[in-house]
Amino acid sequence: MDVATGKELPDQTVVLHGDRIFSVAAFDPSNSPPGRVIIAHGSFLIPGLWGMRVPIQDLEDLLLYIASGVTGVRLMFGGKSSC
């Protein structure tokens, strides 16, 4: 998915260096990058999602967020209002 336009970009090659995206380009079978290849036809690649109002009760809950594509959270703190 192109995050700037919201358009789907089918048949793309995504090259990673370490834990960063190095390049995204149209698939070219004659120019396959070296390294591990993951065939993900029918899948989507999007940036990590943010949970902006997350009431985490236990740190083990964070694994469930990661499994759902949420890579950052903003914790909700504070007690009940007396109003």
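Reading guide: rules and limits
Residues numbered from 1 in each chain as written. Predicted model: local features only at pLDDT ≥ 70, side-chain atom pairs only at ≥ 80, totals over all residues. Heavy atoms only, no water. Helix = DSSP H or I, 4+ residues; strand = E, 2+ residues; numbered from the N terminus. Rg over C-alpha atoms; globule rule 2.2 N^0.38 Å. Buried < 20%, exposed > 50% of the residue type's maximum accessible area, 1.4 Å probe, protein only. 1 Å grid on protein atoms, 1.4 Å probe; cavity = no way out; pocket = protein on both sides within 12 Å on 5 of 7 lines; lining within 4 Å. Points joined across faces, edges and corners; volume = space filled by probe spheres on them. Nonpolar A, V, L, I, M, F, W, Y, C, P; charged D, E, K, R; others polar. Pairing = 2+ DSSP bridges. Salt bridge = Lys/Arg side-chain N within 4 Å of Asp/Glu carboxyl O. Contact = heavy atoms within 4.5 Å. pLDDT = per-residue confidence, 0-100.

A.B. asks: Teacher, can you tell me more about the overall build of the protein here?
C.D. replies: When you go through the protein residue by residue, the secondary structure sums to one helix and four strands. Ordered by position from N to C terminus, the α and β elements of the protein give β-β-β-α-β. The C-alpha atoms of the protein give a radius of gyration of 18 Å, which is well past the 12 Å a tight globule of 83 residues would have. Its C-alpha atoms give the protein principal-axis dimensions of roughly 65 × 30 × 20 Å. For the protein, the proportion of its 83 residues judged to be buried stands at 7%.

A.B. asks: Sorry, what's going on with the layout of surface pockets here?
C.D. replies: Unoccupied space between atoms shows up once a probe the size of one water molecule is rolled over them. The space that makes up the largest pocket amounts to roughly 1,500 Å³. Looking at the largest pocket, it is lined by 33 residues, and the ones nearest its centre are Gln12, Thr13, Val14, Ala40 and Leu45. Breaking the lining of the largest pocket down by element, the ones donating at least two residues are strand S1 (12–17) and strand S2 (20–26). Counting residues per element, the lining of the largest pocket draws most heavily on S1, at six residues. Here the lining of the largest pocket is built from residues that sort into 20 nonpolar, seven polar and six charged.

A.B. asks: What exactly am I supposed to notice about the pairing of S2 here?
C.D. replies: Within a regular strand, the side chains alternate between the two sheet faces. With zero of its seven residues buried, S2 lies for the most part at the surface. The antiparallel hairpin formed by S1 and S2 contains two residues in its connecting segment, where Gly18 sits at a positive phi of about 70°.

A.B. asks: Sorry if this is basic, but what is going on with the pattern of salt bridges here?
C.D. replies: Any two side chains of opposite charge can pair if their charged atoms end up close together. Enumeration over the complete set of coordinates arrives at one salt bridge. The residue Asp19 makes a salt bridge to Arg20 at a minimum N-O spacing of 4.0 Å. Comparing Asp19 with Arg20 shows no difference in burial state: the two are exposed.

A.B. asks: Any chance you could explain the pairing of S1 here in plain terms?
C.D. replies: As defined by bridge partners, S1 adjoins S2 across six bridges and the pair is classed as antiparallel. For Gln12, the partnering residue across the bridge sits in S2 and is Ala26.

A.B. asks: Would you take a moment to explain the side chain of Thr13 for this structure?
C.D. replies: Tracing the backbone shows Thr13 in strand S1. Using a relative accessible area of 19% as the deciding quantity, one classes Thr13 as buried. Leave out the neighbours within four places in its chain, and Thr13 touches Ser23, Val24, Ala25, Ala26, Phe27, Asp28 and Pro33.

A.B. asks: Can you walk me through the confidence of the model for the protein in this structure?
C.D. replies: Regions with low pLDDT should not have their predicted coordinates read in detail. When pLDDT is averaged along the protein, the result is 82; 92% of the residues meet or exceed 70. Within the protein, the element-level pLDDT minimum falls on S2, averaging 85, and the maximum on helix H1 (residues 61–67), averaging 89.

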